[in-house]
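Read off the chains here:
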Amino acid sequence: MTLKKADLSTLSNRDLMIPYFAPYFAYVGIASVFQNLIPIEINYVLRLIAVPALLFWAWRWYVPVTGPKSLAGSFVFGVGFGLLGLVLWCVLYAPFTEPDTMAWSTSGFYLRLVSASLVVPVFEEMVMRGYVFRFALQWDQIRRNRSRRNKIQGSFLKTLDDANISTVRPGEWSVLAVVISSIVFAAGHTVPEWPAAIAYGLLISILWIIRKDLFSCIIAHATTNLTLALYVYFTGHWELW
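Please read all numbers here as calculations on a predicted model, not as lab measurements.

1. Focus on the overall build of the chain
Item 1. Summing up its helical and strand segments, the chain has nine helices and zero strands in all.
Item 2. For the chain, the sequential pattern of α-helices and β-strands runs α-α-α-α-α-α-α-α-α.
Item 3. The C-alpha atoms of the chain give 18 Å as radius of gyration, which agrees with the globular expectation for 241 residues (18 Å, within 12%).
Item 4. In terms of overall dimensions, the chain has a C-alpha envelope of 55 × 40 × 35 Å along the principal axes.
Item 5. Counting every position in the chain, which comprises 241 residues, the buried fraction comes to 48%.
Item 6. Relative to all contacts within the chain whose residues are 6 or more apart in sequence, the contacts with residues 24 or more apart total 81%.
Item 7. One finds the centroid of the 19 positive side-chain charges in the chain at a distance of 13 Å from the centroid of its 14 negative side-chain charges.

What follows is the structure in structure tokens.
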């Protein structure tokens, strides 16, 4: 059963935090808590079970992934931006890595490939461009319309309790939304990955502005992760993954 649009619009951004962030933190939590306790293959199996289940549960509260433009066009743009993202990632991340000849096991590689290509793009784009980007945009808009007194704190709380990200128009943006969402996206990566992650966040924000949908962003993210996995597998540059 899915919520009707009218039902979704009655919720606040605070109400929507758990559906949007639960899959993200489940993925990160399983990866971190069990990192040294269980084999990496089992770790990925747990993530591949828990996170899709949470996405299925939370989907009723998510904003639409489609927009006003054609899916075919968004798919093409997504693939193109994804390949550009691969180049950006390799160029900006490589200077902060050291050659690593230790390859993953075959099963570990394929489990990570499936996770990175099919699961990660969905929950990361829903939380980063679906929630964080829109929340930052609404906060920026409310902040601009408030008096200077208690401007930052008051506008943030108002955005949290009185606004709803579903009212953001497809492709709507502000500089602050682009910057904040890119920084938050980078914060979910290791420090050496930050330059590449910030650049990638900016790239996907541009894609959102151009195509006005999350579908293209998910396709781009999946394309980057898939091609990066294939690149490190066939070149041996495991340090980039």
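2. A short note on the environment of L11
Item 1. Along the chain, the position of L11 falls in the loop between α1 (5–9) and α2 (13–33).
Item 2. Considering only alpha carbons, one finds L11 and E193, 182 residues apart in sequence, at a separation of 35 Å.
Item 3. Contact partners of L11, with chain neighbours within four places excluded, come to L16, W61, A163 and N164.

3. Digging into the layout of surface pockets
Item 1. Here the largest pocket is characterised by a volume of approximately 940 Å³.
Item 2. Along its surface, the largest pocket is lined by 30 residues, and Y27, Y44, R112, H189 and E193 are the ones closest to its centre.
Item 3. Elements with a contribution of two residues or more to the lining of the largest pocket: α2, α3 (40–58), α4 (71–93), α5 (106–144) and α9 (214–235).
Item 4. The residue inventory of the lining of the largest pocket, partitioned by class, reads 17 nonpolar, nine polar and four charged.
Item 5. What the second largest pocket holds in volume is close to 160 Å³.
Item 6. The wall of the second largest pocket is formed by M17, F21, Y131, V132, F135, A136, W139, F156, L160, I180 and V184.

4. Overview of the packing of aromatic side chains
Aromatic ring pairs are reported here in terms of the distance separating the ring centres and the angle at which the planes meet.
Item 1. Taken as a whole and assessed by the stated rule, the structure comprises 25 aromatic pairs.
Item 2. Residues Y233 and W238 carry aromatic rings whose centres are separated by 6.3 Å and whose planes lie at 80° to one another, so their mutual orientation is edge-to-face.
Item 3. When its relative accessible area of 38% is taken as the criterion, Y233 is described as partly exposed.
Item 4. Within the aromatic cluster, the residues linked to one another by ring pairs are Y20, F21, Y24, F25, Y27, W59, Y62, F123, Y131, F135, W139 and F156.
Item 5. In this structure, R47 is placed above the aromatic ring of Y44, and the distance from its NZ or CZ to the ring centre is 3.9 Å.

5. With respect to the nonpolar core
Item 1. If you look at the biggest cluster of nonpolar residues, it comprises 59 residues, and the most contacted ones within it are Y20, F123, M126, Y131 and L228.
Item 2. Elements with a minimum of two residues in this core: α2, α3, α4, α5, α7 (175–187), α8 (194–211) and α9.
Item 3. With residues up to four places along the chain from it excluded, the contact list for Y20 reads W61, Y62, V63, M126, V127, G130, Y131 and I165.

6. Some details on the side chain of R47
Item 1. The topology assignment puts R47 in helix α3.
Item 2. At 9.7 Å, E124 is the nearest oppositely charged side chain to R47, a buried residue that forms no salt bridge.
Item 3. Polar contacts involving the side chain of R47 include one to the side chain of Y27, which spans 3.4 Å.
Item 4. Excluding anything up to four places from it in sequence, R47 contacts Y27, I30, A31, I40 and P52.

7. A look at the pattern of salt bridges
Item 1. Enumeration according to the criterion identifies six salt bridges in this entry.
Item 2. R14 serves as the salt-bridge partner of D161, at 2.5 Å between the closest nitrogen and oxygen. With D161 in helix α6 (residues 151–162) and R14 in helix α2, this pair connects stretches of sequence that are 147 residues apart.
Item 3. The shortest N-O distance in the salt bridge between D140 and R144 comes to 3.2 Å. Here D140 and its partner R144 are both found in helix α5, four residues apart, which amounts to about one turn of the helix.
Item 4. Note on R144: relative accessible area 59%, which makes it exposed.
Item 5. Through salt bridges with shared partners, a single network forms among D140, R143 and R144.

8. A look at the packing of α5 against α9
Angle between the axes and distance between the axes: these two values describe a pair of packed helices.
Item 1. At a minimum axis separation of 9 Å, α5 and α9 run at an interaxial angle of 150°. Judged by the twist between their axes, the crossing of α5 over α9 is right-handed.
Item 2. Here the contact of α5 with α9 is built from residues that sort into 14 nonpolar, four polar and four charged.

Thresholds, definitions, all that
- Residues numbered from 1 in each chain as written.
- Predicted model: local features only at pLDDT ≥ 70, side-chain atom pairs only at ≥ 80, totals over all residues.
- Heavy atoms only, no water.
- Helix = DSSP H or I, 4+ residues; strand = E, 2+ residues; numbered from the N terminus.
- Rg over C-alpha atoms; globule rule 2.2 N^0.38 Å.
- Buried < 20%, exposed > 50% of the residue type's maximum accessible area, 1.4 Å probe, protein only.
- Contact = heavy atoms within 4.5 Å.
- Lys, Arg positive; Asp, Glu negative; His and termini not counted.
- Charge placed at Lys NZ, Arg CZ, Asp CG, Glu CD.
- 1 Å grid on protein atoms, 1.4 Å probe; cavity = no way out; pocket = protein on both sides within 12 Å on 5 of 7 lines; lining within 4 Å.
- Points joined across faces, edges and corners; volume = space filled by probe spheres on them.
- Nonpolar A, V, L, I, M, F, W, Y, C, P; charged D, E, K, R; others polar.
- Phe/Tyr/Trp six-rings, centres within 6.5 Å; stacked < 30°, edge-to-face > 60°.
- Lys NZ or Arg CZ within 6 Å of the ring centre and 35° of its normal.
- Core = buried A, V, L, I, M, F, W, Y, C linked by side-chain atoms within 4.5 Å.
- Salt bridge = Lys/Arg side-chain N within 4 Å of Asp/Glu carboxyl O.
- Polar contact = N/O pair within 3.5 Å; in protein donor to acceptor, adjacent residues only side chain to side chain.
- Axes fitted to C-alpha atoms, helices over the stretch in contact; angles between N-to-C directions.
- Left-handed = near helix turned anticlockwise from the far one by under 90°.

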